[in-house]
Amino acid sequence: MSCFVVPLAQAVVTSAIRKSNEKNNRSNHSAFARHLPALEKMLWGGSVMLVVDHIINGELTWRFPFFTALENAGGGAVMRREMLTVGVPMSLVITAVWAVYALAKEHRRKKVQLT
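What about helix α3 (residues 36-56)?
In an α-helix, one turn spans 3.6 residues, which is why side chains three or four residues apart end up on the same side.
Then step 1. Helix length check: α3 (21 residues) gives 30 Å between terminal C-alpha atoms against 30 Å at 1.5 Å per residue, within 8%.
Then step 2. By the burial criterion, the buried members of α3 are L36, L39, E40, L43, S47, L50 and H54. Looking down the long axis of α3, one finds its buried residues gathered within 115° of arc, a one-sided arrangement. In this structure, α3 carries K41, M49 and I56 as exposed residues pointing more than 90 degrees from its buried face.
Then step 3. Looking at the buried positions of α3, the neighbouring elements they touch are α1 (5-23), α2 (31-34) and α4 (75-114).
Then step 4. G58 sits one or two positions beyond α3 and adopts a positive phi of about 80°.

What about the environment of P37?
Then step 1. Within the fold, P37 resides in helix α3.
Then step 2. Considering only alpha carbons, one finds P37 and K23, 14 residues apart in sequence, at a separation of 14 Å.

A closer look at the nonpolar core
Then step 1. Formed by M1, C3, F4, L50, L60, F67, A69, M79 and M83, the largest nonpolar core amounts to 9 residues.
Then step 2. Ignoring any residue separated from it by four or fewer positions in sequence, one finds L60 in contact with F4, V51, H54, I55, F66 and F67.
Then step 3. Of all hydrophobic cores here, the second largest spans 7 residues; its members include A11, L43, W98 and A102.

Cut-offs used in this document
Residues numbered from 1 in each chain as written. Predicted model: local features only at pLDDT ≥ 70, side-chain atom pairs only at ≥ 80, totals over all residues. Heavy atoms only, no water. Helix = DSSP H or I, 4+ residues; strand = E, 2+ residues; numbered from the N terminus. Expected span 1.5 Å × (residues − 1). Buried < 20%, exposed > 50% of the residue type's maximum accessible area, 1.4 Å probe, protein only. Arc of directions from axis to C-beta. Contact = heavy atoms within 4.5 Å. Core = buried A, V, L, I, M, F, W, Y, C linked by side-chain atoms within 4.5 Å.

This is how it looks when you write it as structure tokens:
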């Protein structure tokens, strides 16, 4: 019900870092900085997809408190537990996949430059 909160927060932070890098002309200094837009797209896309899924399944509503778990006593603890046990691992896996992608793209870029 709230697993998307962690990757969504990471998407917001990633967007802010990318914009800061672009503003300060630091977007081409490292392999990871060059491929930050890919991570940003992965996080935003996955988060939006999860929000839509949670709306369809009735776990999110358009009225306060938005999360149906918060309508019950102890719902906040359930949400925190889900964020820690599902959201954090999900964000870590997405970031790890992106890191492998960025390193592979850099390896290929350097290989092409040498030939």
